[in-house]
Amino acid sequence: MNREVVLYRDERAAATELGYIFTFLLGVMLMTMFSVWAWDIETNTRLRWNQEAIQANMDDLAAAVERADEASRLGNVSYAEEVAWRPTEADESLFWVELTDTAVVLIDDGGPLDTEVPISGAGRGVHEGMIPLAGVDRIWVIYDDGVTSISLERPSNVT
């Protein structure tokens, strides 16, 4: 039983294997492009949501400062208002809020979320205060003894 082995030059199988490899690589490339595209959409959406939440928070805070200024014009009064701070997905440990005579300013030490909301500054007193926002869910706007300020602590004379 002596069998002779005959080899043929059949390249069809190799062409099929190359087709499988190129199809696989095309799939990997398309999935990678889709992943990058989806990640970009998610990142931009999160940034937009953060910007909208921060703007709403800053608008609420500026409105409370305006109400404190209005109370200051009534005479010898004290005023305190609690403002809820909406949470964001941004790193709020890098956020500071500062109250100046002309604006409520958000300072983002680590990113692009700096913002400023102008206020009238039409109160009788000065504006002051700078607070960190790490873990904050409430901010107090206080007018007392000629000073409008922001604080994380509830004033002792408020019931």
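Just so it is clear, the model here is predicted, and its values are computed rather than measured.

**Details of the side chain of S149**
- Looking at the secondary structure, you find S149 in strand β8 (residues 147-151).
- With relative accessibility at 17%, the residue S149 sits in the buried group.
- Contact partners of S149, with chain neighbours within four places excluded, come to L99, E128, W140, V141 and I142.

**Thoughts on a nonpolar patch on the surface**
- Among the surface-exposed residues, L18, I21, F22, F24, L25 and V28 lie close enough to one another that they form a single nonpolar patch of about 610 Å² accessible area.
- By the secondary structure assignment, V28 is in helix α1 (residues 12-72).
- The class of V28 is partly exposed, set by a relative accessible area of 39%.

**Structural notes on the nonpolar core**
- Counting 25 residues, the largest nonpolar core has W85, V97, V104, L106, L133, I139 and V141 as its most contacted members.
- Here this core takes seven residues from α1, the largest share from any one element.
- The residues touching V104, leaving out its near neighbours within four places in the chain, are M58, L61, A62, V65, V97, E98, L99, T115, E116, V117 and I119.

**Observations concerning the pattern of salt bridges**
- Applying the stated rule across the entire model yields six salt bridges.
- The salt bridge involving R86 is made with D60; its shortest N-O contact spans 2.9 Å. Of this pair, R86 sits in the loop between β1 (79-84) and β2 (95-99) while D60 sits in helix α1, placing them 26 residues apart in sequence.
- Accessibility expressed as a relative area gives 28% for D60, which makes it partly exposed.
- When salt bridges with common partners are traced through the structure, they connect E42, R46 and E89 into a single cluster.

What counts, and where the lines are drawn
Residues numbered from 1 in each chain as written. Predicted model: local features only at pLDDT ≥ 70, side-chain atom pairs only at ≥ 80, totals over all residues. Heavy atoms only, no water. Helix = DSSP H or I, 4+ residues; strand = E, 2+ residues; numbered from the N terminus. Buried < 20%, exposed > 50% of the residue type's maximum accessible area, 1.4 Å probe, protein only. Contact = heavy atoms within 4.5 Å. Patch = residues over 30% accessible without salt bridge, like charges linked within 9 Å, V, L, I, M, F, W, Y side chains within 5 Å. Areas by Shrake-Rupley, 256 points an atom, 1.4 Å probe, with all protein chains shown as cover. Salt bridge = Lys/Arg side-chain N within 4 Å of Asp/Glu carboxyl O. Core = buried A, V, L, I, M, F, W, Y, C linked by side-chain atoms within 4.5 Å.

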